[in-house]
Each structure stands twice: as structure tokens, then as C-alpha cells.
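Descriptive analysis of the structure
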Amino acid sequence: MGSRCIRCGLRKLESENNGKHILWKHVVQLYNHDAESELRRTRLTGDHVYLTPHTAMNVKLAAQVLSYSVGSVLSHEGEDKQETAKFILLMDRFFDCMNTRSLTEGTHKRKPDLLPYESVNDARFKVHKDI
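In this text, all values refer to a predicted model and were calculated from it rather than measured experimentally.

Topic: the nonpolar core
- In terms of nonpolar packing, the biggest core is built from 19 residues, with W24, V27, L44, L66 and L74 touching the most fellow members.
- If you list the elements that add at least two residues to this core, you get helix 1 (3-12), helix 2 (24-36), helix 6 (68-75) and helix 7 (82-98).
- Sorting elements by how many residues they give to this core places helix 2 first, with five residues.
- Excluding residues within four positions of it along the chain, L66 makes contact with S3, I6, R7, L10, F87, I88, M91, D92 and F95.

Put into C-alpha cells, the structure is as follows:
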């Protein structure tokens, strides 16, 4: 399942995990708060959250919504947004694990999930089981 499908699913569905909600409106609220503020905490734009048929097909926008920066900001936004933040951070890790492109990318970007797999016992396989 690609980042576009996951983002669209998040946008259309309300999900519940352990009595806590995973909601698209949390991302929209984050964008609206940042848009009104002089200090922007993410790079989200209207194209990221108010999807048209054209922007819904854009993988780059979907990946930016399901990114570490959005998830980490949401994790500091309040108890009601914690499950959405956890979901976004999990998706970011999952995409990093699946999109390894070189032997050194993880070192250069300081993201260990981008390092290539070297063993079947790699701890990152637990991320795949958690999904």
C-alpha cells in the first residue's frame, strides 16, 4: 500500500485504536494553526490537506503529510492527537525501511531506518510486524 492510499484512507475514515482516534482533522488543525502563526512548524500547505483530484495523486505531498516532522509536531499537540501522531510516525518509519536506496543514505540523513538490511534478524522487521 502506498503513501497516497494511506493518506486518502486516513482522510476518509475515522479509525479508533485503544479508545483513541486517528483522525485526518488533526492534520488539518495542525495546518490551520501553522497557517495563522508567524512561526511554521511544518512545511504543510493547503495542497497537502485540502485535496483536489490532482493533488490526491501526488505521492510527494502524501509522503510529506506522513512524515516525521508532522508526526513529531502532532505528538506535542495534546492527548487527543497522540494516536494520529503515533500512526504518522509509524508510517514514516515503514516508508523509510522500505525505501532504502544506498548503503550510506541512512548515515548521511541520520535516519537509521534508511540503512540497508544486513540480516534476517534486523530489529526493523519488528516495525513491519507492528503494522
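Here the narrative resumes.
Focus: the confidence of the model for the chain
- For the chain, the average pLDDT comes to 86, and 89% of its residues sit at 70 or higher.
- Within the chain, the lowest mean pLDDT, 64, falls on strand 1 (residues 15-17), and the highest, 97, falls on helix 6.

A short note on the pattern of salt bridges
- Going through the model one piece at a time under the given rule, you end up with ten salt bridges.
- E77 is paired through a salt bridge with R41; the nearest N and O atoms lie 2.5 Å apart. Residue E77 is found in the loop between helix 6 and helix 7, and its partner R41 is found in the loop between helix 2 and helix 3 (46-49); the two are separated by 36 residues along the sequence.
- Assessed through its relative accessible area of 32%, R41 is described here as partly exposed.
- A salt bridge links K109 to E105, with the nearest nitrogen and oxygen atoms 3.1 Å apart.
- By relative accessible area, which is 9% here, E105 ends up buried.
- The network of salt bridges with common partners includes D34, R41 and E77.

Definitions and cut-offs
- Residues numbered from 1 in each chain as written.
- Predicted model: local features only at pLDDT ≥ 70, side-chain atom pairs only at ≥ 80, totals over all residues.
- Heavy atoms only, no water.
- Core = buried A, V, L, I, M, F, W, Y, C linked by side-chain atoms within 4.5 Å.
- Buried < 20%, exposed > 50% of the residue type's maximum accessible area, 1.4 Å probe, protein only.
- Helix = DSSP H or I, 4+ residues; strand = E, 2+ residues; numbered from the N terminus.
- Contact = heavy atoms within 4.5 Å.
- pLDDT = per-residue confidence, 0-100.
- Salt bridge = Lys/Arg side-chain N within 4 Å of Asp/Glu carboxyl O.

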